[in-house]
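Residue-level structural notes
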Amino acid sequence: MPMYLLPDTFDTVGDAKAAAEAHIAGLPRDPATVFFAITDQNGLTVTTSAEQAG
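Residues numbered from 1 in each chain as written. Predicted model: local features only at pLDDT ≥ 70, side-chain atom pairs only at ≥ 80, totals over all residues. Heavy atoms only, no water.

**A word on the overall build of the protein chain**
Going by this rule: A run of DSSP states H or I qualifies as a helix once it reaches four residues; a run of E qualifies as a strand once it reaches two. Both are numbered from the N-terminal end. Between the two quantities, the radius of gyration covers C-alpha atoms and the globule rule is 2.2 Å times the number of residues to the power 0.38. Each residue is placed in one exposure class: buried if its accessible area under a 1.4 Å probe, protein chains only, is under 20% of its type's maximum, exposed if it is over 50%, and partly exposed if it falls in between.
Helix and strand counts for the protein chain come out as 2 helices and 2 strands. Listing each helix as α and each strand as β along the protein chain from the N terminus yields α-β-β-α. Whereas a compact globule of 54 residues would reach a radius of gyration of roughly 10 Å, the protein chain reaches 11 Å, a difference of no more than 12%. For the protein chain, the spread of C-alpha atoms along the three principal axes comes to 30 × 25 × 20 Å. Looking at the 54 residues of the protein chain, the share that counts as buried comes to 20%.

Below is the structure:
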């Protein structure tokens, strides 16, 4: 499973989520099949797409 690291940092979790969703929309696959995780500057997971879907 490929992993992509977005090259920017974001001011809010919402900004990071929007950037992840925009990137995923451009991939050649169904966006519903893509998992993403948002981490803070220390590498700790803040939220994931699985948490937001539930």
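Don't stop here, the text continues.
**Regarding the nonpolar core**
Applicable threshold: Each nonpolar core is a collection of buried residues, namely Ala, Val, Leu, Ile, Met, Phe, Trp, Tyr and Cys, held together in the definition by side-chain atoms within 4.5 Å. Contacts: residue pairs with any heavy atoms within 4.5 Å of one another.
Ala16, Ala20, Ile24, Leu27, Val34, Phe36 and Ile38 together form the largest nonpolar core, which totals 7 residues. Filtering out sequence-adjacent residues up to four positions away, alanine 16 remains in contact with Phe10 and Ile38.

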